[in-house]
Number of protein chains: 6
Amino acid sequence: MARHDGRKPNELRELKIKRRFTKNAAGSVLIQTGATTVLCTASVESSVPPWLKGSGKGWITAEYNMLPGSTPTRKSRKVDGRTTEIQRLIGRSLRAVADLEALGEQMITVDCDVLDADGGTRTASITGAFIALVDALQTIQLPIPGKFPLVDSVAAVSVGLVNGAGALDLDYVEDVDAEVDMNVVMTGSGKFVEVQGAGEEATFTEDELLKLIQLGKHGVKQLTAAQAKALGKKWLW
Amino acid sequence: MARHDGRKPNELRELKIKRRFTKNAAGSVLIQTGATTVLCTASVESSVPPWLKGSGKGWITAEYNMLPGSTPTRKSRKVDGRTTEIQRLIGRSLRAVADLEALGEQMITVDCDVLDADGGTRTASITGAFIALVDALQTIQLPIPGKFPLVDSVAAVSVGLVNGAGALDLDYVEDVDAEVDMNVVMTGSGKFVEVQGAGEEATFTEDELLKLIQLGKHGVKQLTAAQAKALGKKWLW
Amino acid sequence: MARHDGRKPNELRELKIKRRFTKNAAGSVLIQTGATTVLCTASVESSVPPWLKGSGKGWITAEYNMLPGSTPTRKSRKVDGRTTEIQRLIGRSLRAVADLEALGEQMITVDCDVLDADGGTRTASITGAFIALVDALQTIQLPIPGKFPLVDSVAAVSVGLVNGAGALDLDYVEDVDAEVDMNVVMTGSGKFVEVQGAGEEATFTEDELLKLIQLGKHGVKQLTAAQAKALGKKWLW
Amino acid sequence: MARHDGRKPNELRELKIKRRFTKNAAGSVLIQTGATTVLCTASVESSVPPWLKGSGKGWITAEYNMLPGSTPTRKSRKVDGRTTEIQRLIGRSLRAVADLEALGEQMITVDCDVLDADGGTRTASITGAFIALVDALQTIQLPIPGKFPLVDSVAAVSVGLVNGAGALDLDYVEDVDAEVDMNVVMTGSGKFVEVQGAGEEATFTEDELLKLIQLGKHGVKQLTAAQAKALGKKWLW
Amino acid sequence: MARHDGRKPNELRELKIKRRFTKNAAGSVLIQTGATTVLCTASVESSVPPWLKGSGKGWITAEYNMLPGSTPTRKSRKVDGRTTEIQRLIGRSLRAVADLEALGEQMITVDCDVLDADGGTRTASITGAFIALVDALQTIQLPIPGKFPLVDSVAAVSVGLVNGAGALDLDYVEDVDAEVDMNVVMTGSGKFVEVQGAGEEATFTEDELLKLIQLGKHGVKQLTAAQAKALGKKWLW
Amino acid sequence: MARHDGRKPNELRELKIKRRFTKNAAGSVLIQTGATTVLCTASVESSVPPWLKGSGKGWITAEYNMLPGSTPTRKSRKVDGRTTEIQRLIGRSLRAVADLEALGEQMITVDCDVLDADGGTRTASITGAFIALVDALQTIQLPIPGKFPLVDSVAAVSVGLVNGAGALDLDYVEDVDAEVDMNVVMTGSGKFVEVQGAGEEATFTEDELLKLIQLGKHGVKQLTAAQAKALGKKWLW
């Protein structure tokens, strides 16, 4: 069955990544996947959360926010449960590939502000946040010279069952129609970081679950390649 | 490798379910799995959220809360991001097996208050909340007589990789040690509702992912049997 | 005039006290008076409020909360003025029998979570909180060995004028009907800690006031005996 | 034993009542007792709280607030538990002498803003609020002509045990020293509305309790006379 | 064209200034301009905001608040955007004439609580706050003896275009009618501190702008004279 | 005296205006002045604030926000007083050129999110917001066909005294150094909307005030021309 925008089931939307989009933040990436646009900025602070003081370890955290104008109907600025859930996911994903001891007692906050929302904002945020994080880390002084605080790359994509068929990188129309929605977060080396599959007012079989996992793997592979290209010679695994 | 409490890798903790634990709520279930104790109460309201007014459909939602004395170190009553994330999960899980049209324009709120926390509080909440929901639904008037607003049962369990080995129904000590933690929510008929696997500061392979899914299936099967037993003749699929 | 549940004017409801109801809190008491059920847990913290730092004195405070399912109509989790007022009362009552210097610079917070509400929740909270406090104090290290930080016991009961007649230990139905409602907090040795009598949209004479005080005294005496029995040999005045 | 300001044990502080202190509020009274100064303003609103809509009954409520400059050390504007407790007391006291049906579906809010605090601010608020309420009620249209919505007057005073001796109308210095503090709210006709006696980190005997009640009665009698004088011919019982 | 209260275009309302209106605050001024009444109290704290710690410099800040009874329709106690804007203006105005190094590491907070509002509350607040500040500064110990922490006086007035004509010191009726409203804050020596002119749903020409500035200058001159008179011999420039 | 970036005293920074930067909002403008970047989106809602219901009039309001990554040191997402003050200014400025009756009962909210901050963010917001507003208004149905709800254009610029010399369109470095900072909001036809001049810890003479006003006029004229150019044939005065 054909997708409403003509894509093949396992085809990503057009992806654009623009580094250094703004000047003040240490890392600043504008990531666009189809009509979804997220600005990811990474800021460095010299102090860590209380529970890490004196530990020699650093911290990486994230905030996620949709600008009021990012949706056709204006979205209020109030923080809701969905927002909190997403920013916890982004933070965990980034820390999964980080070496917090190699970071030393410094904190990086990656802010993912959605400028335009057309589905997949949380996964685009993870993919873009990783690049902003790399850029920010290149501006700081490392406690152990030469030991970069990232051990792998991380990227994410959404997959889903739409009218019974698997589909990669859902846009908003597909997301609304989907019986099952899954976010797959993986590293550049092919390990899983998070798998979150949910059927709102629906359920799914084990076969469908396994099929969606494969589709996610396929998508993350391409996103990893795009991240590497955007980062150029400066970031090679 | 042996588990610290002597359980086999695929063995649940001792489970106790007590219906009608309190009198005022329409449904009230005290569920205990090992040293984790959750009170699930289901309350009925005659009004639905604004977006459902006039739709003929009802709503089922959940709130989750840990009492301050539920942890060895007193937990502040402030609502945090984790709390919000969990109550959204419980609500989605219950709605996945509900027929909201058969409920009519009524709202059920299931409150899951953790009295004692020793790991697995969110999954015990789902398993207990389902029973409280059944009891509450038996007290209300249904729009279509004889059409019960539940189409399946739902239960949940946590699984994880602890020191590299799969383990079912993690307690707190195992949860802290686990490299990967996954919550599996399934229906009584063997369908998946949610799968949430995450490696905090760690990653996992596809093999490990598939193994954890099997372990979760095995656990939910037993929980479903315990739910059916607790509900007795009044609830048969 | 007969009471609706057949009790005599000066008769308490059936009382059940269960120590160590949960495992994680240092003190944990489930107290039931008729259909009112309160879980009182006492937690120990090693730091005191700012104004006591360096004073050598400790602090005892309380939080009171009604679970959403504790009332026939679901109660929202929002903290209101009534809640604040009650937790201040519980805290003052416990401190009235405490020797805060003998406690040393430690803080005990007693959480009173109402699981089922049928009138008299604040007084049941005080009576139960005292027992949880005793249990928690037995787990801590005291600055002056052998000097226990409690100098007396404390218990509380509600009394009221219902249809012109005095009544002890009002349940919800009586509470709604009462012209005057009074809470009497007293020590085991027969001293008063708090007397709060109020006539919402009503007033009362001096004779009525004195009569209610006597009724309260009578009730607290029995509650004190029940506390002593629950605490057994470990707590003797 | 002599009081620090030379008063006799049963002597009130100097009392000044100034009606119409400000122009915009329907009722506006500046009440001063010693160095305690409270501005009580009564405002009329044509809508009642939701639970009274269509009942034909009105509502009277109060808000209490200490201005930051009212204490020697600046008081933050944050609302605390003590504030909530006091405004509930003021509201109940006013409603105890009101005929809410004779008020009709209108709401009066009496705001008690403490300009200078030297003990006894809550009782001065009640005494002043009553006068502001009378003035505001004289500006509104009554549903039953000639039936004034007040059936009695109300006034309040604090009493306490200071160094073991009873004392009427405590100022701040005495309040800090007092072992027991009691607020007595009574009507002009000699009925009790509220009695709130508390020993913070102290207890009191039945004899002491009865003695304090008598002292309160004595004080309220004089305050009632002062209210009547301030209201002049326009308000006679 | 005549003003509704008979004043000439460049005439202030009747002004009354009462120092030491309350006793607890270090500085306490009741300022009345027509039917607008503001209580300005200045409190001294020994600690400064974090960013000044160790700098040797002090801080002066302000809070502004309208009491609920200050308006004909009761005003809710919620802080709104207008409130925040005004207190920032008052704080800046006071600091413009202060020598924060001569103050040393101390903080003065001036609270401006509007008791009665009839237009011009923010400008009356500034004029009164200055006097309260002077009084408070005379009670503290200065780091450099003889070097008073104020280098000039400050006062403020509102001006506006009402039905096309310039008017000084608008009352509420004129304020509502005004096409343009401007607040002029100036020092005793004739320097400008703030000029804020705004046309809500209206605009104004350059000629009108210049005319309003002149009117403001004229008004502040008289207010400065009144401040000097109120402060008497103790404060002379 | 030369400016640090080589500009002449009356020279604006390089200005870039990009319409339709995002797709979901009805109007979306990215405005850049030097290194300051603001995204202005205008959203249409069919309901108006309560006080306008049934009036036939519409409403235009604004929200202003700085993204955390917009400053070299990460800015917390908490709304502060400065934010509130600025969004009120933007809203008033837009309404000053609007015909709210010609808008009908519809509400436009213009969100100004600062992506990169280098001084002048509030004035750039006004200039960009106007263009987003025009674009949004072209998408809606007007109650009176052919009567566009804008009667003029509006733009704004900051001016200041830096080291005693007037300067147009201050960047962050100049803003910090400025003795006086003034924002000038004017219409395309040369009328004033707002003039806000303030000297933080400084004052200014009448001559300086008049000079700054002239500089502002000069700047707004150029901004008006840039707005007209960006809007092209579709928007001509």
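Residues numbered from 1 in each chain as written. Chains lettered and ligands numbered in written order. Predicted model: local features only at pLDDT ≥ 70, side-chain atom pairs only at ≥ 80, totals over all residues. Heavy atoms only, no water.

The name given to chain A in an unreviewed UniProt entry is Ribonuclease PH, and the organism recorded there is Blastopirellula sediminis. Note on chain A: under the UniProt heading Subunit (unreviewed entry), the record states "Homohexameric ring arranged as a trimer of dimers." (UniProt positions renumbered as here; feature names shortened; annotations may be inferred.)

Asks: Got a minute to help me understand the overall build of chain A in this structure?
Replies: A count of helices and strands for chain A gives five helices and nine strands. Along the chain direction, N to C, the helices and strands of chain A fall in the order β-β-β-β-α-α-β-α-β-β-α-β-β-α. Here the C-alpha radius of gyration of chain A, 18 Å, is about what a compact globule of 237 residues would show, namely 18 Å. With the C-alpha coordinates of chain A rotated into their principal frame, the extents come out at 55 × 40 × 35 Å. Taking all contacts inside chain A whose residues are at least 6 apart in sequence as the whole, residues at least 24 apart take part in 70%. When the accessible surface of chain A is summed, it comes to about 9,200 Å², and 52% of that surface belongs to carbon and sulfur atoms. Taken together, the 28 basic and 29 acidic charged side chains of chain A have centroids lying 8 Å from each other. (Helix = DSSP H or I, 4+ residues; strand = E, 2+ residues; numbered from the N terminus. Rg over C-alpha atoms; globule rule 2.2 N^0.38 Å. Contact = heavy atoms within 4.5 Å. Areas by Shrake-Rupley, 256 points an atom, 1.4 Å probe, with all protein chains shown as cover. Lys, Arg positive; Asp, Glu negative; His and termini not counted. Charge placed at Lys NZ, Arg CZ, Asp CG, Glu CD.)

Asks: Which parts of the structure should I look at to understand the packing of aromatic side chains?
Replies: A full pass over the atoms with the stated rule returns 15 aromatic pairs over all chains. Centre to centre, the rings of Phe-21 of chain A and Phe-21 of chain F are 6.2 Å apart; their planes meet at 20°, and the pair counts as stacked. Remark: Phe-21 of chain F occurs in the loop between strand 1 (15-19) and strand 2 (27-33) and Phe-21 of chain A occurs in the loop between strand 1 (15-19) and strand 2 (27-33); the pair is interchain, linking two chains. Owing to a relative accessible area of 17%, Phe-21 of chain A belongs among the buried residues under this scheme. For the pair Phe-192 of chain E and Phe-204 of chain F, a centre-to-centre distance of 5.9 Å together with 25° between the ring planes defines the contact as stacked. With Phe-192 of chain E in strand 9 (residues 192-198) and Phe-204 of chain F in the loop between strand 9 (192-198) and helix 5 (206-231), the pair connects residues from two separate chains. Comparing Phe-192 of chain E with Phe-204 of chain F, the two get one shared label, buried. (Phe/Tyr/Trp six-rings, centres within 6.5 Å; stacked < 30°, edge-to-face > 60°. Buried < 20%, exposed > 50% of the residue type's maximum accessible area, 1.4 Å probe, protein only.)

Asks: What am I meant to see in the interface of chain B and chain A here?
Replies: Much of the literature gives interface size as the accessible area that the parts lose upon coming together. Every contact between the two is made by 33 residues of chain B and, on the other side, 33 residues of chain A. Taken together, both faces of the contact between chain B and chain A bury some 2,900 Å²; the carbon and sulfur share is 52%. The interface formed by chain B and chain A contains four salt bridges. Put simply, chain B and chain A have 12 residue pairs in polar contact (both at pLDDT 80 or more) between them. With eight residues, the top contributor of residues to the side of chain B that touches chain A is helix 1 (residues 81-96) of chain B. Tallied by class, residues from the side of chain B that touches chain A come to 12 nonpolar, nine polar and 12 charged. Bridge analysis of strand 9 (residues 192-198) of chain A against strand 9 (residues 192-198) of chain B gives five bridges, and the strand direction is antiparallel. When the bridges of strand 9 of chain B are listed, Ala-198 of chain A appears paired with Glu-194 of chain B. (Buried area = accessible area lost by both parts, 1.4 Å probe. Salt bridge = Lys/Arg side-chain N within 4 Å of Asp/Glu carboxyl O. Polar contact = N/O pair within 3.5 Å; in protein donor to acceptor, adjacent residues only side chain to side chain. Nonpolar A, V, L, I, M, F, W, Y, C, P; charged D, E, K, R; others polar. Pairing = 2+ DSSP bridges.)

Asks: How should I be thinking about the interface of chain E and chain D in this particular structure?
Replies: Each partner contributes residues to the interface: chain E has 27 residues there, and chain D has 28 residues. Summing both sides of the interface, chain E and chain D together bury roughly 2,300 Å²; the carbon and sulfur share of this comes to 50%. Summed over the shared surface of chain E and chain D, the result is 10 salt bridges. Of the charged contacts, one joins Asp-111 of chain D and Arg-77 of chain E as a salt bridge, the two residues approaching to 2.9 Å between their closest N and O atoms. Looking at the side of chain E that touches chain D, the elements that each hand over two or more residues are strand 3 (36-45), strand 4 (59-66) and strand 5 (107-116) of chain E. Of all the elements, strand 5 of chain E adds the most residues to the side of chain E that touches chain D, at six residues. Here the residues of the side of chain E that touches chain D are counted per class, giving 10 nonpolar, nine polar and eight charged.

Asks: What is the right way to read the side chain of Ser-28 of chain D from this model?
Replies: Looking at the secondary structure, you find Ser-28 of chain D in strand 2 (residues 27-33). Dropping the residues within four chain positions of it, Ser-28 of chain D is found in contact with Lys-18, Arg-19, Arg-20, Phe-21, Thr-22, Leu-39, Cys-40, Thr-41 and Ala-132 of chain D.

Asks: What exactly am I supposed to notice about the UniProt feature "binding site: phosphate" (unreviewed entry) in chain A here?
Replies: The feature "binding site: phosphate" (unreviewed entry), as annotated in UniProt, sits at Arg-82, Gly-120, Thr-121 and Arg-122 of chain A in this numbering. Of the residues just listed, which span 41 residues, no C-alpha pair is farther apart than 13.5 Å, and they cluster in one region. Each residue touching Arg-82 of chain A, except ones within four places of it in the same chain, is listed here: Tyr-64, Met-66, Thr-121 and Arg-122 of chain A together with Arg-88 of chain B. Polar side-chain contacts of Arg-82 of chain A include one of 3.2 Å to the side chain of Tyr-64 of chain A. Relative to the assigned elements, Gly-120 of chain A resides in the loop between strand 5 (107-116) and helix 3 (121-137). For Gly-120 of chain A, a relative accessible area of 18% gives the class buried. What Gly-120 of chain A contacts, discounting residues up to four positions off in sequence, is Arg-13, Thr-36 and Leu-170 of chain A.

Asks: It is not clear to me how the relation of the copies chain E and chain D should be interpreted in this structure. Could you clarify?
Replies: Comparison of the two chain copies shows a relationship of rotation about an axis with a shift along it. After a rotation of 180° and a shift along the axis of 0.0 Å, chain E superposes on chain D with an RMSD of 0.0 Å. When the rotation and shift are considered jointly, the pair of chain copies conforms to a two-fold rotation axis. In this assembly, 100% of the residues forming the interface of chain E have copies in chain D that are likewise at the interface, indicating an isologous arrangement. (Least-squares fit on C-alpha atoms with pLDDT ≥ 70 in both.)

Asks: Where do I start with the packing of helix 3 (residues 121-137) of chain B against helix 5 (residues 206-231) of chain B in this structure?
Replies: Helices that pack against each other are described as a pair by the angle of their axes relative to one another and the distance between those axes. Residues and elements named next belong to chain B. Taken N-terminus to C-terminus, the directions of helix 3 and helix 5 make an angle of 30°; their axes are 11 Å apart at the nearest point. Looking at the two axes, helix 3 sits roughly parallel to helix 5. Classified by chirality, the crossing of helix 5 by helix 3 is right-handed. On the side of helix 3, the interface is formed by Thr-127, Phe-130, Ile-131, Val-134 and Asp-135, while helix 5 contributes Leu-223, Gln-227, Ala-230 and Leu-231. For the contact of helix 3 with helix 5, the class distribution of residues is six nonpolar, two polar and one charged. (Axes fitted to C-alpha atoms, helices over the stretch in contact; angles between N-to-C directions. Parallel < 35°, antiparallel > 145°, perpendicular 65-115°, else oblique. Left-handed = near helix turned anticlockwise from the far one by under 90°.)

Asks: I'm lost on the environment of Leu-12 of chain C in this one. Help?
Replies: Residue and element names in this part refer to chain C. Along the polypeptide, Leu-12 turns up in the segment before strand 1 (15-19). Accessibility expressed as a relative area gives 15% for Leu-12, which makes it buried. Along the primary structure Leu-12 and Val-38 are separated by 26 residues, whereas in three dimensions their C-alpha atoms are 16 Å apart.

Asks: Would you mind going over helix 3 (residues 121-137) of chain D with me for this structure?
Replies: Count 3.6 residues to each turn of an α-helix, and residues three or four apart come out pointing the same way. Helix length check: helix 3 of chain D, at 17 residues, gives a terminal C-alpha distance of 24 Å against a target of 24 Å (1.5 Å per residue), a fit within 8%. Counting buried positions along helix 3 of chain D gives 17 out of 17 residues, so the element sits mostly inside the fold. (Expected span 1.5 Å × (residues − 1).)

Asks: Help me out: how do you make sense of the relation of the copies chain B and chain A in this one?
Replies: With an RMSD of 0.0 Å, the operation that places chain B on chain A is a rotation of 180° combined with a shift of 0.0 Å along the axis. In this assembly, 100% of the residues forming the interface of chain B have copies in chain A that are likewise at the interface, indicating an isologous arrangement.

Asks: I keep staring at the arrangement of the chains and nothing clicks. Help me out?
Replies: Separating chain A from chain D is a minimum C-alpha gap of 22 Å, and the two share no contact. There is a gap between chain B and chain D: no contact, and a shortest C-alpha distance of 16 Å.

Asks: What is the right way to look at the pattern of salt bridges in this model?
Replies: Side-chain pairing between opposite charges can occur once the charged atoms of the two side chains come close. The final tally for this structure, using the stated rule, is 100 salt bridges over all chains. A salt bridge links Arg-7 of chain D to Asp-5 of chain D, with the nearest nitrogen and oxygen atoms 2.9 Å apart. By relative accessible area, Arg-7 of chain D is classed as buried at 7%. Asp-5 of chain D sits in the partly exposed class, given a relative accessible area of 36%. Shared partners join several salt bridges into a network, and the residues in it are Arg-3, Asp-5, Arg-7, Arg-13, Asp-118, Asp-169 and Glu-174 of chain A.

Asks: Quick question: what am I supposed to make of a positive patch on the surface here?
Replies: A cluster of like positive charges, contributed by Lys-16, Lys-18 and Lys-23 of chain A together with Lys-16, Lys-18 and Lys-23 of chain F, occupies part of the molecular surface. Sorting the residues of the positive patch by element identifies strand 1 of chain A together with strand 1 of chain F as the ones contributing at least two each. Relative to the helices and strands, Lys-23 of chain A resides in the loop between strand 1 and strand 2. (Patch = residues over 30% accessible without salt bridge, like charges linked within 9 Å, V, L, I, M, F, W, Y side chains within 5 Å.)

Asks: Where do I start with a nonpolar patch on the surface in this structure?
Replies: A contiguous nonpolar patch, built from Tyr-172, Val-173 and Val-176 of chain B and spanning about 300 Å² of accessible area, is present on the exposed surface. By secondary structure assignment, the location of Tyr-172 of chain B is in helix 4 (residues 172-177).

Asks: Would you mind going over the UniProt feature "domain: Exoribonuclease phosphorolytic" (unreviewed entry) in chain A with me for this structure?
Replies: When the UniProt feature table is mapped onto this chain numbering, "domain: Exoribonuclease phosphorolytic" (unreviewed entry) sits at residues 11-136 and 153-217 of chain A. The distance from the first to the last C-alpha atom of residues 11-136 of chain A is 31 Å, and the span holds 29% helix and 32% strand.

Asks: Before we go on, may I ask you to explain unusual backbone geometry in this structure?
Replies: Where the residue is not glycine, phi is negative for most of them; where a peptide bond is considered, it is trans in most cases. All names here are of chain A. Positive phi, close to 60°, is recorded for Asp-169, a residue that is not glycine. Mapping Asp-169 onto the fold places it in the loop between strand 7 (165-168) and helix 4 (172-177). Assessed through its relative accessible area of 4%, Asp-169 is described here as buried.

Asks: Please explain the sheet that holds strand 9 of chain A as it appears in this structure.
Replies: Paired through their backbone hydrogen bonds, the strands of a sheet run either parallel or antiparallel. Reading across from one edge, 7(A)-6(A)-8(A)-9(A)-9(B)-8(B)-6(B)-7(B) is the order of the eight strands in this open sheet, with antiparallel pairing throughout. This sheet does not close on itself; its edge strands, each paired only once, are strand 7 of chain A together with strand 7 (165-168) of chain B. Strand-to-strand, the axes of this sheet are offset by a mean angle of 15°, without reference to chain direction. Pairing analysis gives six bridges linking strand 8 (residues 180-187) of chain A to strand 9 of chain A, with the strands arranged antiparallel. Within strand 9 of chain A, the position partnered with Asn-183 of chain A by the bridge is Gln-196 of chain A. Here helix 1 (residues 81-96) of chain A sits on the sheet and contacts strand 6 (154-162), strand 8 and strand 9 of chain A together with strand 9 of chain B; the angle it forms with strand 9 of chain A, its principal contact strand, is near 155°. This element, helix 5 of chain B, spans strand 9 of chain A together with strand 6 (154-162), strand 7, strand 8 (180-187) and strand 9 of chain B of the sheet and lies at about 140° to strand 6 of chain B.

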